[in-house]
Every structure is written in C-alpha cells, then in structure tokens.
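# Coordinate inspection notes
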Amino acid sequence: MTDRGAALPQPLPVRLVGGLGALALYVVQSLGRFGRFLVQALTYAVVPPLKVGRIAERIHFIGFRSLTIVVLTGGFTGMVLGLQIFLVLSRFGSEAFLGPAVALSLIRELGPVLCALIVTGRAGSALTAELGIMKISEQIDALTVMALNPRRYLIVPPIIAGIITFPLMTALFDVVGIFGGYLVGVELLGMS
C-alpha cells in the first residue's frame, strides 16, 4: 500500500527549472532591495539637513587619502601606455601620434576605469569594514535609539563625497598619466 499524501519525487528537468526559477526570483528580489536602498539614500541626499561636516570628512577620506595611490598608478600607467603605443606606432612610422594616442586612451578609457577601481578598492573596502564593525558592535542600533537616521548619517555622506571626488580624482589620474607618457616619449625615447 502507498501513502496517498506523500509527494512523488520530481524528475530532474523539473527540479532544474524550479531551481533556476528560485535563483531568478532571488536575484530580482536582491536587485529590488538594492534599488529601494539607493532611492532612499539619494532622497536623503537632496532633502535637508545635510551633514556637511560628515561630507567634508568623507571627502578627505575618499579623495585626499587616495591621492598617493592615484598619482602613482596614473604616472606608471601613462609611462607603460606611452612605451607600448610607441612600439606599435614605430612599426608604421607614425611616432608623431604618440601624444594624442596616450591622451585619448587615458581620458576616454583607462583613466576613469582604473581610477574608479583604485579608489573604490581603497576607500570602498575601508568604508564597508567600518559599517560592518558598527553593525557588529550595535552602533547602528544606537543611532536609531538616539533618533538619528542611520542611512542619512552613515550612507549619504560617502555617496555625496564620492560624487564630488571621483571626477576630480579621474582628472588628476588623466593629467599625471599624460605626464607619464610625456616622460617616456620625450625623455626616454627622445621624441620632440
């Protein structure tokens, strides 16, 4: 005799489609939670009062403290790019285009991407670790108990500071990278 209430095992294709559907639902739910979080944070960023002191502190942390690594990486990226582009252009007798090639490739492609990776890797990981430690030590709950909005106090200042500092750091990366390409082209390779 069989128990009519027991479920029959499902065939493998049905289980695979069901697992894929569950994964898709999880991804959509996660994107929805992230989207709601981002909309709330951006809403708090435009609704007064702004925490100007916290924003200035985060600008210093994200921008100024990332300055050394951005300048070093920009300089060496420009030098390597200048050398590699010179080797390619010399095959065709077009060495005169070294400067524009370095400048365009840094400004359009490499500068924003590398600068974003460097600054996000340095400052983003530190900010994430700081928030994690605050969550573990219940400091975020203490902010809520003191009637402070944790998102307005902890999330909005880094977002505004990032919006301010990322374009400036990218411009600095581009300038230093172009100067690195200049050093390789003029000083090392003897171009005019």
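For the structure, check the block above.
What you see is a predicted model; the values in this text were computed from it and never measured.

The rules behind the values
Residues numbered from 1 in each chain as written. Predicted model: local features only at pLDDT ≥ 70, side-chain atom pairs only at ≥ 80, totals over all residues. Heavy atoms only, no water. Core = buried A, V, L, I, M, F, W, Y, C linked by side-chain atoms within 4.5 Å. Buried < 20%, exposed > 50% of the residue type's maximum accessible area, 1.4 Å probe, protein only. Helix = DSSP H or I, 4+ residues; strand = E, 2+ residues; numbered from the N terminus. Contact = heavy atoms within 4.5 Å. 1 Å grid on protein atoms, 1.4 Å probe; cavity = no way out; pocket = protein on both sides within 12 Å on 5 of 7 lines; lining within 4 Å. Points joined across faces, edges and corners; volume = space filled by probe spheres on them. Nonpolar A, V, L, I, M, F, W, Y, C, P; charged D, E, K, R; others polar.

## Side note on the nonpolar core
With 18 residues, the main nonpolar core has Ile62, Val70, Ile85, Leu98, Val102, Cys115 and Phe173 as its most contacted residues. Counting residues per element, the ones that place at least two in this core are helix H2 (52-62), helix H3 (67-92), helix H4 (98-136) and helix H6 (150-188). Top contributing element to this core by residue count: H4, with 8 residues. What Val102 contacts, discounting residues up to four positions off in sequence, is Leu81, Gly82, Ile85, Gly177 and Gly181.

## So, the environment of Val88
Among the secondary structure elements, Val88 is positioned in helix H3. Relative accessible area serves as the criterion here: at 44%, Val88 is assigned to the partly exposed category. In sequence terms Val88 and Leu98 are 10 residues apart; their C-alpha atoms lie 9.7 Å from each other.

## Here we look at unusual backbone geometry
Following Pro48, the chain continues to Pro49 via a peptide bond in cis, the omega torsion being 5°. By the element assignment, Pro49 lies in the loop between helix H1 (12-46) and H2. One non-glycine residue, Glu138, adopts positive backbone phi at about 60°. Along the chain, Glu138 falls in the loop between H4 and helix H5 (139-145).

## Digging into the layout of surface pockets
For the largest pocket, the calculated volume is near 300 Å³. Lining the largest pocket are 17 residues, with Ile62, Gly124, Leu127, Pro158 and Ile159 positioned closest to its centre. Secondary structure elements with two or more residues in the lining of the largest pocket: H2, H4 and H6. Partitioned by chemical class, the residues of the lining of the largest pocket number 10 nonpolar, 4 polar and 3 charged. Approximately 150 Å³ is the volume attributed to the second largest pocket. Along the walls of the second largest pocket sit Glu95, Ala96, Leu98, Gly99, Val102, Ile178, Gly181, Tyr182, Gly185, Val186, Met191 and Ser192, which together make up its complete lining. For the lining of the second largest pocket, the elements supplying multiple residues, two or more each, are H4 and H6. Looking at the lining of the second largest pocket, the element that brings in the most residues is H6, giving 5 residues.

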